[in-house]
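Results of the structural survey
The residues making up each chain are set out below.
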Amino acid sequence: MKILYSLCLFFLILSPLSALAQQPEILSDYSWINGLATPSRYTHVRDGYVEDISYEAYFNRYRERLDVPRLRISTDLQESAAAHAAYLATNGVGSDPHGEIEGKVGFTGESILSRCWEAGYSEFCTEVQAGGASDGDGYSAIDALMMTPYHRQTMMYPYFTEVGCALDSGYFVCDIGYALEDYGKEWTQETSPMIYPYDGQVISTTFYVSENPMPYPEYAYQFIGPTFMYWPLGEFSWDVSVALYDLTAQSSITTIVSLDLDDEHADGAIFFNPIEPLSLDHEYAVHVEGETLSGPFDVSWTVKTQKSSKIDFPNGDEVISYDSRVHWAGETGEYLVTTPDGGVRALIDRLEGWIMLAVDRAGEAYYIDPLTKARYYLRDGSTAYEFLRTFGLGITTMNLEQIPEAGSGETPGALAKSLAGRIMLQVDAHGEAWYIHPETYERHYMADGNEAYRIMRELSEGTLYEWISEIPEGVAE
């Protein structure tokens, strides 16, 4: 069944001084393509399972991909979001999707802020929401919200701090919190420009124009090409030119619609869409250039279109199913949608507790967690050390000493074998971290980041990324 979302938001992002209305020009010079390096691989935030993580964790996956600080999960905001989702499920959207009418069933506050405060939240808050989500699939609602211009900014605003999400009978709500004294900091301190889709991202071929406020009224409730964004936070841009080039077909895209640069809802971001849907399974190069008060900018990046069961909207009348995994389409464009089978589970059972090195991807290291049955990317030594500690299981010194230390030559017992592949934290000492090798059952002390990195390299098993890619990717909370 095709799922179409109605999307609306309330936001308070501070806007720069308006200038005369102007739209980006379509660049006719494509010399910027020379020297453009395409990524060695393309990714999407839906890679792997999502069904076992929270909506907030999935929300944070997008922020991580854009190098935006993660939002803390707030139970108060979860409560206020759940209350408003329940109100919408009972009463419908009405004229103000973010408002509630006193006296109606489920009323908890006329405004977003009053509902957050009613739930016990002590700071300020804003909100994004989507209608039309299928039961249990707030993840697709987040995907849909990220496809839109205005919602995307609210969700990725770097100085927001907390989030709580809820889904009720097709109504999905995320309340986002922030401290008032931190609000609008991008106008007072240096921040990095934001691009989306990010470099190397897999994207849809289409965007269903349905948002409140409506970004392109002339294309309302139609499918056009996906939304591209360059956002120099805290800056206003002028003399802007944009370009989109089909690297696969070696042709330029010249039919582009864009928002005015002084659009009060765009908050200084440059938004543009190809009018026609993009071609399936093509690589595209994106280019944006112009001026800000900080000086000229000239940015290029690359994305790829692929159809999957889980990314976003289908093209026109095509059907999209929302399953728990991404399965990319084959060269014919046919869906390759299946559910995890015994082969994947057998692979997980075989590798759980191991650290696997993808030798074909510069030795990227992945820890296969025995509990969540997922693989976790260990980016480098220092982060790997802290990352592994998040999986730590507390153990007393007395019990830890029953596990042979590496090189001791002692015979491992039942306790050591039961903890194979686990990370142990010595709770009655100083929380020292130990890794129990999944084959020798010996414990290895991870004294610091450098030692964790050494262990990661020396005790790992080599593999090809393709072989372990079927293991779902996890996100550490």
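Residues numbered from 1 in each chain as written. Predicted model: local features only at pLDDT ≥ 70, side-chain atom pairs only at ≥ 80, totals over all residues. Heavy atoms only, no water.

What follows deals with the overall build of the protein. Of the regular secondary structure elements, the protein holds 11 helices and 25 strands. Buried residues in the protein amount to 55% of all 477 residues. Considering only intrachain contacts with a sequence separation of at least 6, the fraction spanning at least 24 residues in the protein is 69%. A total accessible area of about 20400 Å² is found for the protein, and carbon and sulfur atoms account for 49% of it. (Helix = DSSP H or I, 4+ residues; strand = E, 2+ residues; numbered from the N terminus. Buried < 20%, exposed > 50% of the residue type's maximum accessible area, 1.4 Å probe, protein only. Contact = heavy atoms within 4.5 Å. Areas by Shrake-Rupley, 256 points an atom, 1.4 Å probe, with all protein chains shown as cover.)

On to the sheet that holds strand S22 (residues 423–426), then. Backbone hydrogen bonds are what pair the strands of a sheet, in a parallel or an antiparallel way. Sheet architecture is open: four strands sit in the order S21-S22-S23-S24, paired in mixed fashion. Each edge of the open sheet is held by one strand with a lone partner, namely strand S21 (393–395) and strand S24 (443–446). Put simply, the sheet's adjacent strands are angled 35° from each other on average, direction ignored. Pairing between S21 and S22: three bridges, direction parallel. Bridging across to S22, Leu393 finds its partner in Met424. Along the sheet, helix H10 (residues 449–458) contacts strand S23 (432–436) and S24; its crossing angle with S24, the most-contacted strand, is approximately 145°. (Pairing = 2+ DSSP bridges. Axes fitted to C-alpha atoms, helices over the stretch in contact; angles between N-to-C directions.)

This part is about the pattern of salt bridges. Applying the stated criterion across every chain, the model contains seven salt bridges. Note that Arg72 is salt-bridged to Glu162, the shortest N-O span being 3.9 Å. Highlighted residues: Arg72 in strand S3 (residues 72–73) and Glu162 in strand S5 (residues 162–168), separated in sequence by 90 residues. By relative accessible area, Glu162 is classed as buried at 15%. Where salt bridges share partners, they join Glu100, Arg115 and Glu127 into one cluster. (Salt bridge = Lys/Arg side-chain N within 4 Å of Asp/Glu carboxyl O.)

Here we take up the packing of aromatic side chains. Given two aromatic rings, one states the distance between the centres and the angle between the planes to describe the pair. Following the criterion strictly, the structure yields 17 aromatic pairs and no others. Arranged with centres 4.8 Å apart and planes meeting at 65°, the rings of Tyr55 and Tyr139 form a pair that is edge-to-face. Remark: Tyr139 occurs in helix H4 (residues 138–147) and Tyr55 occurs in helix H1 (residues 55–65); sequence separation between them is 84 residues. Relative to Tyr62, the ring of Tyr58 lies with its centre 5.7 Å away and its plane at 75°, an arrangement referred to as edge-to-face. Here the residue Tyr58 and the residue Tyr62 both occupy positions in helix H1, the gap between them amounting to four residues, near one helical turn. When sorted by exposure, Tyr58 lands in the same class as Tyr62, which is buried. A network of ring pairs unites the aromatic residues Tyr55, Tyr58, Tyr62, Tyr139, Phe172 and Tyr196 as a single cluster. (Phe/Tyr/Trp six-rings, centres within 6.5 Å; stacked < 30°, edge-to-face > 60°.)

Glancing now at the state of the cysteines. Counting across every chain of the model gives two disulfides. Between the sulfur atoms of Cys116 and its disulfide partner Cys125 the distance amounts to 2.1 Å. Handedness of the Cys116-Cys125 disulfide follows from its S-S torsion of about 105°: it is right-handed. Summarising the burial analysis for this pair, Cys116 and Cys125 share the class buried. (Disulfide = S-S within 2.5 Å.)

As a rule of thumb, non-glycine residues mostly have phi less than zero, and peptide bonds are mostly trans rather than cis. The omega angle of the peptide bond from Tyr196 to Pro197 is -5°, so this bond is cis rather than trans. Note on placement: Pro197 falls in the loop between strand S7 (194–196) and strand S8 (201–203). Cis rather than trans, the peptide bond between Asn212 and Pro213 has omega equal to 5°. Residues other than glycine seldom take positive phi values, yet Tyr221 does so here, at roughly 60°. On the secondary structure map, Tyr221 appears in the loop between strand S9 (207–208) and strand S10 (223–224). Despite not being glycine, Asp267 has its phi angle at roughly 55°, a positive value. Tracing the backbone through its elements, the reader meets Asp267 in the loop between strand S14 (256–258) and strand S15 (270–274). Residue classification places Asp267 among the buried positions, given a relative accessible area of 2%.

Right, let's get into the sheet that holds S7. In spatial order, the strands read S7-S11-S15-S14; together these four strands make up an open sheet with antiparallel pairing. Taken across any chain shown, the strands that pair with only one partner, and hence form the sheet edges, are S7 and S14. Direction aside, neighbouring strands of the sheet carry axes that sit 15° apart on average. When S14 meets S15, the two strands line up antiparallel, connected through three bridges.

Here we take up the side chain of Glu442. Relative to the helices and strands, Glu442 is located in the loop between S23 and S24. Put simply, Glu442 is tucked away with no salt bridge, and the nearest opposite charge, on Arg443, sits 9.7 Å away. With near-sequence residues (within four places) excluded, Glu442 lies in contact with Pro404, Glu405, Ala406, Gly407, Ser408, Tyr435, Ile436 and His437. (Lys, Arg positive; Asp, Glu negative; His and termini not counted.)

This part covers H4. Where burial is concerned, most of H4 is hidden: 10 out of the 10 residues are buried. Looking only at H4, the buried set comprises Gly138, Tyr139, Ser140, Ala141, Ile142, Asp143, Ala144, Leu145, Met146 and Met147.

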